[in-house]
Amino acid sequence: MSSTAHRDTGHDHTAADFGPDRLWSVQDHLDDILATVRPLEPIELNLLDAQGCVLVDDITVPLSLPPFDNSSMDGYAVRVADVAGASEEFPAALEVVGDVAAGQADPLTVGPGQAARIMTGAPLPPGAETVVPVEWTDGGLGEGPVAGMRARSLAPEAAEGQVRVYRPAEARAHVRAKGSDVRSGARALEAGTVLGPPQIGLLAAIGRGRVRVRPRPRVVVLSTGSELVQPDEELSPGQIYDSNSFALTAAARDAGAIAYRVGAVADDAETLRSTIEDQLVRADLMVTTGGVSVGAYDVVKEALAHVGDEDEPGSGVDFRKLAMQPGKPQGFGSIGPDHTPLLALPGNPVSSYVSFELFVRPAIRTLMGLADVHRPTVTATLVTEKALASPKGRRQFLRGTCADGSVTPVGGAGSHLVAALAHADALIVVPEDAESVAPGAEVEVVLLG
């Protein structure tokens, strides 16, 4: 495993800037990531395969929707003058000249004193000016207003004989006009649109079976630690369940990626390197969790710290200390022959999830080619019984719930508190220069929902 890619961050860095003693700010670390990660190359996909992908080109409508005037009701297509003044006491009696069904190629012509039985979606026949709903008629039965049409095979009121109309109708009533949805030549979708079900439906409606998109990034999530056991297995003394890989894989999918979870790798550098090499074939982005601090068993740091060209500042994987809590130890770089980006996150559950939201999610959204890669932020009023303490010089991210302009902390500041994280929908941001935040203060909040 090697990489000789030089990460051009757009800044002039000296060797000291990347040295082990540098304390990176959250913004500088994020800027370095986003300056390195590039959107994936566009590909052409069938519509359903393009779900969740980002559109590369503007899409222009080749034909109007609907492509012809059509009925929005089951009823009768008539001329306005023929039903003017119609009432239950004095209905208009019209000659039924036939059926007009959806998809019919050669519609009938409606002349004076005539009506065509028409189905929802069928083209308005020549000569007709409006549609009378079947509920306003006797349906051809001669027995007063009806509730609807019977199936054609069963209907004694087939498309012949007479129909009585009990109410007048204005011109083009219950008619969907050609181009009333979207007109030919208009822009249907803008480049940068994420293709969800409605967008795919629109593309199909205008006849586009394939579309050019940036593919969903493939993200491989790998957790490390000899103490980790997979759920449903028995725990031995000193072991814990591997939750990080599940949380981060789910978070990657939530961000729009195709994510693959790799079971926990034991604290062995050679095994980790081999596992990562095996996974690179299906990765546009690698994410590891655990093993990035300063302990004797911090295997990710041991395995990857010297990967890359040491003569190129910023190449390979760089392990850093960030001025933040939780999530001080971080790693970032590129590995393998394709210089696949790798983000190494801390192992504590809250630290890893907060780090994902701040750094990995924007990287995934950048790979997708989105213009806005960040979670929305708002200002909210802090609701708490006592002031919140924060370490000076660190940007702190506390879990919270946000609603109606207020945010309430959930759980404590500990980076192991998984249960509190599960009940949070926001991160409360305490800036580096603040050592406490008083109840009622206005705070920045990152919305996670």
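Conventions adopted
- Residues numbered from 1 in each chain as written.
- Predicted model: local features only at pLDDT ≥ 70, side-chain atom pairs only at ≥ 80, totals over all residues.
- Heavy atoms only, no water.
- Axes fitted to C-alpha atoms, helices over the stretch in contact; angles between N-to-C directions.
- Helix = DSSP H or I, 4+ residues; strand = E, 2+ residues; numbered from the N terminus.
- Parallel < 35°, antiparallel > 145°, perpendicular 65-115°, else oblique.
- Left-handed = near helix turned anticlockwise from the far one by under 90°.
- Contact = heavy atoms within 4.5 Å.
- Nonpolar A, V, L, I, M, F, W, Y, C, P; charged D, E, K, R; others polar.
- Buried < 20%, exposed > 50% of the residue type's maximum accessible area, 1.4 Å probe, protein only.
- Arc of directions from axis to C-beta.
- Core = buried A, V, L, I, M, F, W, Y, C linked by side-chain atoms within 4.5 Å.
- Phe/Tyr/Trp six-rings, centres within 6.5 Å; stacked < 30°, edge-to-face > 60°.
- Lys NZ or Arg CZ within 6 Å of the ring centre and 35° of its normal.

**Concerning the packing of helix 4 (residues 244–254) against helix 7 (residues 349–368)**
1) Next: Between helix 4 and helix 7, the shortest axis-to-axis distance is 10 Å and the interhelical angle comes to 25°. By the angle class used here, helix 4 and helix 7 are roughly parallel. Seen from above, helix 4 lies across helix 7 with right-handed handedness. Of the residues in helix 7, those touching helix 4 at Asn-244, Leu-248, Ala-251, Ala-252 and Asp-254 are Pro-349, Ser-352, Tyr-353, Phe-356, Arg-361 and Ile-364.
2) Next: Of the residues assigned to the contact of helix 4 with helix 7, the class counts are seven nonpolar, two polar and two charged.

**Quick notes on helix 5 (residues 269–279)**
1) Next: Those residues of helix 5 that sit buried are Ala-269, Leu-272, Thr-275, Ile-276 and Gln-279. Considered in projection along helix 5, the buried side chains sweep an arc of 130° and stay on one side of the axis.
2) Next: Contacts made by the buried residues of helix 5 are with strand 14 (218–224), strand 17 (258–265), strand 18 (285–289), helix 6 (299–304), strand 21 (329–335) and strand 22 (340–345).

**Concerning the nonpolar core**
1) Next: Among the nonpolar cores identified, the biggest contains 40 residues, and Leu-285, Phe-359 and Ile-364 are the most heavily contacted of them.
2) Next: Listed by contribution, the elements that provide at least two residues to this core are helix 1 (26–36), strand 14, helix 4, strand 18, strand 22, helix 7 and strand 27 (426–430).
3) Next: Of all the elements, helix 7 adds the most residues to this core, at eleven residues.
4) Next: Apart from the residues within four sequence positions on either side, Ile-364 is in contact with Pro-217, Val-219, Ala-252, Ala-255, Ala-257, Leu-285 and Phe-356.
5) Next: Of all hydrophobic cores here, the second largest spans 20 residues; its members include Val-220, Val-265, Leu-280 and Leu-304.

**As for unusual backbone geometry**
1) Next: Cis geometry is found at the peptide bond from Leu-65 to Pro-66, where omega equals -10°.
2) Next: Along the polypeptide, Pro-66 turns up in the loop between strand 4 (59–60) and strand 5 (70–71).
3) Next: Put simply, Gln-325 and Pro-326 share a cis peptide bond, and its omega is -5°.
4) Next: We note that Arg-172 has phi near 65°; this positive angle belongs to a residue other than glycine.
5) Next: Tracing the backbone shows Arg-172 in the loop between strand 10 (162–165) and strand 11 (175–176).
6) Next: Arg-172 sits in the partly exposed class, given a relative accessible area of 40%.
7) Next: A positive phi angle, close to 80°, is found at Asp-232, a residue other than glycine.
8) Next: Its location among the elements puts Asp-232 in the loop between strand 15 (228–229) and strand 16 (240–241).
9) Next: The exposure class of Asp-232 is exposed, given its relative accessible area of 82%.

**Observations concerning the packing of aromatic side chains**
1) Next: Under the defined criterion, the tally for this structure stands at zero aromatic pairs.
2) Next: Sitting above the plane of the Phe-246 ring, Arg-261 keeps its charged end 4.0 Å from the centroid.

No statement about biological role is implied by the geometric values presented.
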